[in-house]
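One-letter residues, chain by chain:
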Amino acid sequence: MLMSLYRLLRGPSVPDRILGLDTLYVNTIAALMLFGMQQRTAIYFEAALVIAMLGFVSTVVLSKYVLRRDIME
């Protein structure tokens with residue numbers, strides 16, 4: 001997660017930063033899932049689902065912005 005954060009903050013280009021963000025939220029989801037299995041509670045699975053949805057939407061929006069320099073059509 002620290003290497004993903006480094007790539008997000010110091011990436012030499014915008015696509016590198018987007019990739020760092022994707023990797024960071026995937027690692028966060030994995031950590032939440034493992035912690036939820038350890039604690040035997042479902043709240044961490046719900047939090048992981050919310051992070052997955054927000055991460056997907058943010059990736060699509062940022063990629064669209066990089067390609068077109070416009071978010072809304």
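To keep things clear, this report deals only with the structure shown in the data block.

Further remarks concern a nonpolar patch on the surface. Taken together, the side chains of Met33, Leu34, Met37 and Phe45 define a hydrophobic patch exposed on the protein surface, amounting to about 370 Å² of accessible area. Broken down by element, the residue count for the nonpolar patch peaks at three residues, all from helix α2 (residues 14-39). With respect to the secondary-structure elements, Met33 resides in helix α2. Residue class for Met33 comes out partly exposed when judged on its relative accessible area of 33%.

Scanning the entire structure with this criterion turns up one aromatic pair. Relative to Tyr44, the ring of Phe35 lies with its centre 4.8 Å away and its plane at 80°, an arrangement referred to as edge-to-face. Exposure remark for Tyr44: the relative accessible area of 25% places this residue in the partly exposed category.

Turning next to the side chain of Ser4. Within the element layout of this structure, Ser4 appears in helix α1 (residues 2-10). The class of Ser4 is buried, set by a relative accessible area of 9%. The contact partners of Ser4, leaving out residues within four places of it in the chain, are Gly20, Thr23, Leu24 and Asn27.

On to α2, then. In this model, α2 (26 residues) spans 37 Å end to end at C-alpha, consistent with the 38 Å of a helix rising 1.5 Å per residue. Among all positions of α2, only Ile18, Gly20, Asp22, Leu24, Tyr25, Ile29, Leu32 and Gly36 are buried.

Scoring rules and cut-offs
Residues numbered from 1 in each chain as written. Predicted model: local features only at pLDDT ≥ 70, side-chain atom pairs only at ≥ 80, totals over all residues. Heavy atoms only, no water. Patch = residues over 30% accessible without salt bridge, like charges linked within 9 Å, V, L, I, M, F, W, Y side chains within 5 Å. Areas by Shrake-Rupley, 256 points an atom, 1.4 Å probe, with all protein chains shown as cover. Salt bridge = Lys/Arg side-chain N within 4 Å of Asp/Glu carboxyl O. Helix = DSSP H or I, 4+ residues; strand = E, 2+ residues; numbered from the N terminus. Buried < 20%, exposed > 50% of the residue type's maximum accessible area, 1.4 Å probe, protein only. Phe/Tyr/Trp six-rings, centres within 6.5 Å; stacked < 30°, edge-to-face > 60°. Contact = heavy atoms within 4.5 Å. Expected span 1.5 Å × (residues − 1).

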